[in-house]
Amino acid sequence: MKILVINCGSSSIKFKLFDMARDAQLASGLIERVGERHSRSVVNVNGHSHTSDEPIADYDQGVREILRSLTTIGDPPPLQSTDEVGGVGHRVVHGGETFCESAVVDAEVLAAIEKCCELAPLHNPANLAGLRAAAAALPGCPHVAVFDTAYFQTMPPAAYLYPVPHEWYVERRIRRYGFHGTSHRYVALRAAELLGKPTPNLITLHLGNGCSAACIRAGVAIDQSMGLTPLEGLMMGTRSGDIDPAIIFHLERSGVPLEEIRTTLEKRSGLLGLSGVSRDLRDVERAAEQGSVRARLALDVFAHRARKYIGAFLSELPQCDAIVLTGGIGENSVMMRRMILEGLTVLGVSLDPQRNDRRGPEPFCITRAQSRVSAWVIPTNEELLIARDTAELVQRGAGRGRRAETLAGTPHGA
């Protein structure tokens, strides 16, 4: 079975095609600046890259262009016909409390995703547009929605409720949801395989332009760092992460418009805001090595905040089998891994500098053999997990995924 995975952003479409018989990636690509005059499409097939600068007016044209590319580029192309596509998996950022696992898309699922647009106004509308475009282009093909938030629907109320009036939760759905769930789920499953423990206790850190941490007890997610939105939690490339909410009131009273505050916290904070250099950790590391005090401070704050979450999550576990780092920073920054983990000796983490001084596509341990808590670098592969979910649902003929349970007929015990 061949599965197409689509991830639609506000002006982009990322895609990968998999042969599930071999768990093999056949093609990948990206369309940027959808809806603009100067779009750019890149398709990678058999190690070769094909680029086009033809304008892409909307998601419908973008999906049609993806299918055209997959049936014409390469010798032979990865698809002889679009009829070979056995299912399409779609990344959907927000499923609210409705979905605790992936779901075959039907009218009811589409309506539930649309209802969550108010919770994820920057992401769900684009995800919906991609779903509808792909359904129009491949009408006889099953489509599956895989939700970033679903993995964290196992969190207990003590972890997901904010200490605010309960009516905010009941009436406005204000609670902690968590994001990057597909990445955390993928590396947790790989860690279970590597450790030989089907239900391990883990702390997983997805560190990239967006950053999050998850606490997993006996194979089940019980806490995470992100909240109602992806702004809460760890310091990120351009997002602030945790701040005192009174900062917003102080700035607003000082005459700063609320929209400017929001934009600054989401797009001009984090590594970029503190360093004044870049949102890219590689640039910040180079600047620090060249003597930039601000860049060095940005690195120190990033590592400090990651250690705080690790320490907090360790208190929620009876024991910790492993700390897992993934994402662009977690997989590639030898310096940041060292800065985070060297401060955790008191918690039983003993970093091995030689093991840490490597990169690669395969998982590897970066702690000493005698370390009480091991630490691993496990490259994430969210698209492969989306493809696996899609293939599983298609093969078992599920009409839809299981819904999240609620207590007493109200949202999680409201």
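Residues numbered from 1 in each chain as written. Predicted model: local features only at pLDDT ≥ 70, side-chain atom pairs only at ≥ 80, totals over all residues. Heavy atoms only, no water.

Draft legend 1. Highlighting the sheet that holds strand β12 (residues 322-326). With respect to topology, six strands assemble into an open sheet ordered β11-β10-β9-β12-β14-β13, the strand pairing being mixed. Only two strands of the sheet have a single neighbouring strand rather than two, namely β11 (220-224) and β13 (364-365). Strand direction decides the pairing type here: β12 and strand β14 (residues 374-377), joined by four bridges, are parallel. Looking at β14, one finds that L325 is bridged to V377. In the packing of helix α13 (residues 334-341) onto the sheet, the strands contacted are β9 (202-207), β12, β13 and β14, and the crossing angle to β12 comes to about 150°. (Pairing = 2+ DSSP bridges. Helix = DSSP H or I, 4+ residues; strand = E, 2+ residues; numbered from the N terminus. Contact = heavy atoms within 4.5 Å. Axes fitted to C-alpha atoms, helices over the stretch in contact; angles between N-to-C directions.)

Draft legend 2. How the structure looks around the sheet that holds strand β7 (residues 103-104). Read across the sheet, eight strands follow the order β5-β4-β3-β2-β1-β6-β8-β7 without closing on themselves; strand pairing throughout is mixed. Each having just a single partner strand, β5 (48-52) and β7 make up the two edges of the open sheet. With five bridges connecting them, strand β6 (residues 85-92) and strand β8 (residues 143-147) associate as parallel partners. From the neighbouring strand, V88 faces β8, where its bridge partner is H143.

Draft legend 3. Representation of the packing of aromatic side chains within the structure. In this structure the tally under the stated criterion is four aromatic pairs. Here F99 and F147 contribute two aromatic rings whose centre-to-centre distance is 4.3 Å and whose plane-to-plane angle is 10°, an arrangement assigned as stacked. Here the residue F99 occupies a position in the loop between β6 and β7, and F147 occupies one in strand β8, the gap between them amounting to 48 residues. F147 carries the same exposure label as F99, and that label is buried. (Phe/Tyr/Trp six-rings, centres within 6.5 Å; stacked < 30°, edge-to-face > 60°. Buried < 20%, exposed > 50% of the residue type's maximum accessible area, 1.4 Å probe, protein only.)

Draft legend 4. Expanded view of the state of the cysteines. All told, the structure shown has zero disulfides when counted by the stated rule. Considering cysteine sulfurs only, C116 is the nearest to C117, which forms no disulfide, with 7.8 Å between them. Of all cysteine sulfurs, the one in C215 lies closest to C320, which takes part in no disulfide; the gap is 8.0 Å. (Disulfide = S-S within 2.5 Å.)

Draft legend 5. Seen up close, a nonpolar patch on the surface. A cluster of nonpolar side chains, contributed by I243, I247 and L251, occupies part of the molecular surface with about 200 Å² of accessible area. Assignment of secondary structure puts I243 in the loop between β11 and α7 (246-253). Owing to a relative accessible area of 31%, I243 belongs among the partly exposed residues under this scheme. (Patch = residues over 30% accessible without salt bridge, like charges linked within 9 Å, V, L, I, M, F, W, Y side chains within 5 Å. Areas by Shrake-Rupley, 256 points an atom, 1.4 Å probe, with all protein chains shown as cover. Salt bridge = Lys/Arg side-chain N within 4 Å of Asp/Glu carboxyl O.)

Taken by themselves, the reported measurements are silent on function.
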